[in-house]
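# Summary of structural features
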Amino acid sequence: MNDFSGKHGFWIWFEDAIATVPEQVLFYKKISLIQKPCSCIIQVCADSRYNLFINGKIVSRGPCRSTARERFYEELDISAFLTDGDNLLFAQVIHYGGDMKDSQNFDAGPGSICSTMRGGFLITEKATDIGIATDETWLCAKNTGYGFKRWDGYIPFLEQLD
């Protein structure tokens with residue numbers, strides 16, 4: 001589709017380093033709107049999984065499954081979740097770490113989830129520019145209480161929260 005007239009987002013992450021273990025990074029942004037838009041279509045993607053919340057309500061989980069060569073994203077209209085005034089955007093992103101071989105061996109995460117050596121989170125506004133697209137203005141922090149516990153046998157790993 002060539003009907004893009006909004007603001008391109010950039011892949012953002014906690015640090016630019018290779019991850020060998022699963023990690024969770026939390027993202028936060030506050031935007032103020034004089035008037036909420038009638039429509040606000042965004043495209044969202046992450047390496048490896050995300051939960052996106054707006055004003056305390058879950059908006060999207062994803063991304064849909066893709067290949068290592070081509071990443072897919074969710075496209076959704078979030079205008080129903082926005083309000084006049086302040087709006088709080090929050091995302092939990094899990095990066096499984098490792099590479100596709102690690103994922104297929106269940107050493108980093110599910111083999112069905114595309115993962116690269118570096119985590120990432122991306123939001124692009126398709127036809128608006130109200131400050132939602134990911135850029136350097138988003139705040140982020142690594143959740144140090146999150147990880148995977150390895151088990152021997154058939155069960156390869158379990159999420160562990162501290």
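Above this note sits the structure.
Because the structure is a prediction, the values reported are computed rather than measured. (Residues numbered from 1 in each chain as written. Predicted model: local features only at pLDDT ≥ 70, side-chain atom pairs only at ≥ 80, totals over all residues. Heavy atoms only, no water.)

Before going further, it helps to examine the overall build of the protein chain. Scanning the protein chain from N- to C-terminus turns up one helix and 10 strands. In sequence order, the protein chain lays out its α and β elements as β-β-β-β-β-β-α-β-β-β-β. Burial status across the protein chain gives 42% buried among its 162 residues. Look at the contacts in the protein chain between residues 6 or more apart in sequence, and 72% of them connect residues 24 or more apart. (Helix = DSSP H or I, 4+ residues; strand = E, 2+ residues; numbered from the N terminus. Buried < 20%, exposed > 50% of the residue type's maximum accessible area, 1.4 Å probe, protein only. Contact = heavy atoms within 4.5 Å.)

The subject of this paragraph is the sheet that holds strand β1 (residues 23-33). Taking strand neighbours across the sheet as the criterion, the five strands line up as β4-β3-β6-β1-β8 in an open arrangement whose pairing is antiparallel. Looking at which strands have only one partner, the edges of the open sheet turn out to be β4 (57-62) and β8 (139-142). Mean inter-strand twist for the sheet, computed between neighbouring axes without regard to direction, equals 15°. In the sheet, β1 pairs with strand β6 (residues 85-95) via 11 bridges, with the strands oriented antiparallel. Paired with K29 across the strands is L89, a residue of β6. (Pairing = 2+ DSSP bridges. Axes fitted to C-alpha atoms, helices over the stretch in contact; angles between N-to-C directions.)

Taken together, the side chains of Y28, L88 and L139 present a nonpolar region at the surface, about 270 Å² in accessible area. Tracing the sequence through the fold places L139 in strand β8. Residue class for L139 comes out exposed when judged on its relative accessible area of 53%. (Patch = residues over 30% accessible without salt bridge, like charges linked within 9 Å, V, L, I, M, F, W, Y side chains within 5 Å. Areas by Shrake-Rupley, 256 points an atom, 1.4 Å probe, with all protein chains shown as cover. Salt bridge = Lys/Arg side-chain N within 4 Å of Asp/Glu carboxyl O.)

Glancing now at the nonpolar core. The biggest cluster of nonpolar side chains holds 24 residues, and the ones touching the most others in it are F27, I42, L52, I78, F121 and I132. Secondary-structure elements contributing two or more residues to this core are β1, β2 (41-47), β3 (49-54), β6 and β7 (120-125). With four residues, β1 is the single largest residue contributor to this core. Once residues within four sequence positions are removed from consideration, L52 is found in contact with I42, V44, K57, I58, V59, S60, F90, A91, F121 and I123. (Core = buried A, V, L, I, M, F, W, Y, C linked by side-chain atoms within 4.5 Å.)

With that settled, consider the pairing of β3. Taking every second residue as pointing to the same face, the buried face of β3 carries Y50, L52 and I54, while none of R49, N51 and F53 on the other face is buried. As judged from the six bridges shared by β3 and β6, these two strands associate in the antiparallel manner. What sits directly across from F53, in β6, is F90. Note that β3 and β4 share five bridges and pair antiparallel. Opposite Y50, over in β4, you have G62 as the bridge partner. Following β3, the chain reverses through two residues before pairing antiparallel with β4; N55 in that reversal takes a positive phi of roughly 50°.

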